[in-house]
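Summary of structural features
This is what each chain is made of:
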Amino acid sequence: MNRNYQKELEKLLAKVQEEERVPRLFLHACCAPCSSYVLEYLSRYFEITVFFYNPNIFPAQEYEKRVEELRRMAGEMEFVHSVTIEEGPYQPEEFFAMAKGLEEEKEGGARCFACYRMRMEEAARRAREGGYDYFTTTLSISPLKNAAKINEIGEELAEIYQVDHLPSDFKKKDGYKRSIELSHQYNLYRQDYCGCVFSKKNKKN
């Protein structure tokens, strides 16, 4: 059965609005453009810590460009509830160790799924340690990302780390379109490859 993760999210947000306090969300982010719409949308319901953890990004200059652009965007946009940025460690060797044996996998396949999990697992672990109510990722806003797999991984990690996963398919309801509009509005750097050396090579082919 195909699940509608956007409708599941909307039901959850309706319950959130009935709570007396504002819940806290630990949000893994891949870049500023993908984060723009997600933060505009979810900051109405949550206090958000944006977690930039992307050891997959290559080269280091690209990593620095993306994290600085995220900080700039967060400083210029206005949000309903607080939004703060937390940067994880940049350790590319962790990504290459994870990708060992998967180098020849096609884009959007097993290597990408393992990369989703690596980043989301660190977010789930930190969400649990920080006492957050929910964790999720901005990844599902991309038309090139598998939302069902992202949510499947999120639900598995929620069981392991005992912190609720926020369902998402942020590309729905014109979310991706809105992220493009916000990118133009704030003059955001929009990269032309996902981030890793494999996606960079694939772009050239």
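Nothing here was measured: the structure is a model prediction, and the numbers come from that model. For every chain, the first residue of the written sequence is number 1, and numbering continues from 1 onward in sequence order. In view of the model being predicted, local features appear only for residues whose pLDDT reaches at least 70, and side-chain atom pairs are presented and counted only at 80 or more, with totals across whole chains, interfaces and linings using the full set of residues. The basis for every side-chain value is the complete set of heavy atoms in the structure, and neither hydrogens nor water enter the calculation.

Considering the packing of helix α5 (residues 110-129) against helix α6 (residues 147-161)
Running from N to C, α5 and α6 cross one another at 35 degrees; their axes reach a closest spacing of 9 Å. The element α5 and its partner α6 pack so that their crossing is right-handed. Residue-level inspection shows Phe 113, Tyr 116, Arg 117, Met 120, Glu 121, Ala 124, Arg 125 and Arg 128 of α5 in contact with α6, the latter providing Lys 149, Ile 150, Ile 153, Gly 154, Glu 156, Leu 157, Ile 160 and Tyr 161. Its residues assigned to classes, the contact of α5 with α6 comprises 9 nonpolar, 1 polar and 6 charged. The axes are straight lines fitted to the C-alpha atoms, using for helices just the contacting stretch, and the angles between their N-to-C directions are given from 0 to 180°. Secondary structure elements follow DSSP: runs of H or I of four or more residues count as helices, runs of E of two or more count as strands, with numbering from the N terminus. By convention, the crossing between two helices is left-handed when the near helix turns anticlockwise from the far helix through less than a right angle, and right-handed when the turn is clockwise. Contact criterion: two residues are considered in contact whenever any of their non-hydrogen atoms come within 4.5 Å of each other. Under the grouping applied here, Gly and all other residues not named as nonpolar or charged are polar, the nonpolar ones being Ala, Val, Leu, Ile, Met, Phe, Trp, Tyr, Cys and Pro and the charged ones Asp, Glu, Lys and Arg.

Observations concerning the nonpolar core
Within the largest apolar cluster, 62 residues are counted, with the highest numbers of intra-cluster contacts made by Leu 42, Phe 46 and Ile 48. The element best represented in this core is α5, accounting for 8 residues. With residues up to four places along the chain from it excluded, the contact list for Ile 48 reads Leu 25, Leu 27, Leu 39, Leu 42, Ser 43, Ser 82, Val 83 and Thr 84. What we call a nonpolar core is a set of buried Ala, Val, Leu, Ile, Met, Phe, Trp, Tyr and Cys residues that are connected through their side-chain atoms within 4.5 Å. To sort residues, take the accessible area from a 1.4 Å probe on protein chains only and compare it with the maximum for the residue type: under 20% means buried, over 50% means exposed, and anything in between is partly exposed.

Quick word on the UniProt feature "binding site: [4Fe-4S] cluster" (unreviewed entry) in the protein chain
UniProt positions are given in the numbering used here, feature names are shortened, and annotations may be inferred rather than shown by experiment. The UniProt entry lists Cys 30, Cys 31, Cys 112 and Cys 115 under the feature "binding site: [4Fe-4S] cluster" (unreviewed entry), expressed in the numbering used here. Among the annotated residues just listed, those lining the largest cavity are Cys 112 and Cys 115. Relative to the helices and strands, Cys 30 resides in the loop between β1 (24-29) and α2 (32-42). Beyond its immediate stretch of four places on either side in the chain, Cys 30 contacts Phe 52, Asn 54, Ile 57, Arg 66, Arg 119, Thr 138 and Leu 139. Mapped onto the fold, Cys 115 is located in helix α5. Think of a 1 Å grid over the protein atoms and nothing else: a 1.4 Å probe that fits but is trapped marks a cavity, an open set flanked by protein within 12 Å on at least five of seven lines marks a pocket, and residues with an atom within 4 Å of a point count as lining.

Overview of the packing of aromatic side chains
Pairing of aromatic rings covers Phe, Tyr and Trp, the last counted by its six-membered ring, and requires centre-to-centre distances within 6.5 Å; plane angles under 30 degrees mean stacked, over 60 mean edge-to-face, and any other angle means tilted. With the rule as written, the count across this model stands at 11 aromatic pairs. On the numbers, 6.3 Å between centres and 90 degrees between planes, the contact of Tyr 41 with Tyr 45 is edge-to-face. Owing to a relative accessible area of 7%, Tyr 41 belongs among the buried residues under this scheme. Residue class for Tyr 45 comes out buried when judged on its relative accessible area of 14%. Seen in terms of ring centroids, Phe 113 and Tyr 116 are 5.8 Å apart; in terms of plane orientation they differ by 50 degrees. Their pairing is tilted. With Phe 113 and Tyr 116 both in helix α5 and 3 residues apart, the pair spans about one turn of that helix. One aromatic cluster is present, formed by Phe 26, Phe 51, Tyr 53 and Tyr 132 through successive ring pairs.

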